[in-house]
Amino acid sequence: MKRNKIRKGQYGYRDAHKKTQIRNVSVFAVAIAAILIGRFFVTWEDMKKMMMITAILLVLPMANLASPMLVAWKFKTTPKDFYDAVKPYEDKFTVFYDLIITNTDLIMPIDAAVIHPTGIYLFCPNKSVDIKKAEKFINEILIGWKLDGNAKIMVEKENYLNRLASLRDLTEEDDDGSVEYITKVILGLSM
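These remarks concern the structure in this document. Treat the numbers as computed from the prediction; the structure is a model and nothing was measured.

If the charged atoms of two oppositely charged side chains come close together, the side chains can form a pair. If you walk through the whole model with that rule in mind, you get six salt bridges. A salt bridge links Lys157 to Asp81; the shortest N-O distance between them is 3.9 Å. Within this pair, whereas Lys157 is found in helix 5 (residues 157–166), its partner Asp81 is found in helix 3 (residues 80–86), the two being separated by 76 residues in sequence. The class for Asp81 is exposed, based on a relative accessible area of 52%. Close ionic contact of Glu90 with Lys87 constitutes a salt bridge, the shortest N to O distance being 3.6 Å. The class for Glu90 is partly exposed, based on a relative accessible area of 31%. Residue class for Lys87 comes out partly exposed when judged on its relative accessible area of 36%.

On the surface, a cluster of nonpolar side chains totalling about 640 Å² of accessible area is made up of Trp44, Met47, Met50, Ile53, Leu57 and Leu60. With respect to the secondary-structure elements, Leu60 resides in helix 2 (residues 45–71).

Let us look at the pairing of strand 1 (residues 94–102). Within strand 1, seven of the nine residues are buried, which leaves it mostly tucked inside the rest of the structure. With eight bridges joining them, strand 1 and strand 2 (residues 107–116) adopt antiparallel strand pairing. The residue of strand 2 that forms the bridge with Tyr97 is Ala112. The hairpin turn running from strand 1 into strand 2, its antiparallel successor, is four residues long.

With respect to the helices and strands, the residue Thr78 is situated in the loop between helix 2 and helix 3. Thr78 sits in the buried class, given a relative accessible area of 2%. As for Thr78 and Arg14, which are separated by 64 residues in sequence, their C-alpha atoms are 8.3 Å apart. Setting aside chain neighbours within four positions, we find Thr78 in contact with Tyr11, Arg14, Tyr83, Asp98 and Asp111. One polar contact links Thr78 to Asp98, side chain to side chain, over a distance of 2.5 Å.

Thresholds, definitions, all that
- Residues numbered from 1 in each chain as written.
- Predicted model: local features only at pLDDT ≥ 70, side-chain atom pairs only at ≥ 80, totals over all residues.
- Heavy atoms only, no water.
- Salt bridge = Lys/Arg side-chain N within 4 Å of Asp/Glu carboxyl O.
- Helix = DSSP H or I, 4+ residues; strand = E, 2+ residues; numbered from the N terminus.
- Buried < 20%, exposed > 50% of the residue type's maximum accessible area, 1.4 Å probe, protein only.
- Patch = residues over 30% accessible without salt bridge, like charges linked within 9 Å, V, L, I, M, F, W, Y side chains within 5 Å.
- Areas by Shrake-Rupley, 256 points an atom, 1.4 Å probe, with all protein chains shown as cover.
- Pairing = 2+ DSSP bridges.
- Contact = heavy atoms within 4.5 Å.
- Polar contact = N/O pair within 3.5 Å; in protein donor to acceptor, adjacent residues only side chain to side chain.

Below, the structure written as structure tokens:
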């Protein structure tokens, strides 16, 4: 029986992605260890050198997999009670969970992102994130894609849930076709 893969933006993605990254890094680590151990059983010097070079070259892709894993290690999947509070809005709006948006200065865990014609509403549980800087970063990206720069990041759970409750339902007149592009941009920003 084939399990459904949890995709970026779905609830549980952070934990599922972390398990996948651990598995991939482990495969590389086992391969490197096997090559280095195998060197001791080879008598031909040129083959020993080739095995050493192969092991060294395998370290680079392993490091590329391990570095984002280490950055995101402390961020777990969105708490179930918060997910249950946001889930009813999935019928009305586009909602994403378990995102981690990064740039050179910021690492923002986004527990929920709701896309609405009046704005993109993001909940970041990390109160130490510079909200003004983070909003400016996301809005500049949106404007660069010729979209409205109207992203709002909130760090208080109650304020976020109250804002979602105050959003009006979407009508066909509200659909300007930008939701699809905003979805691609937001998911593209997330690791």
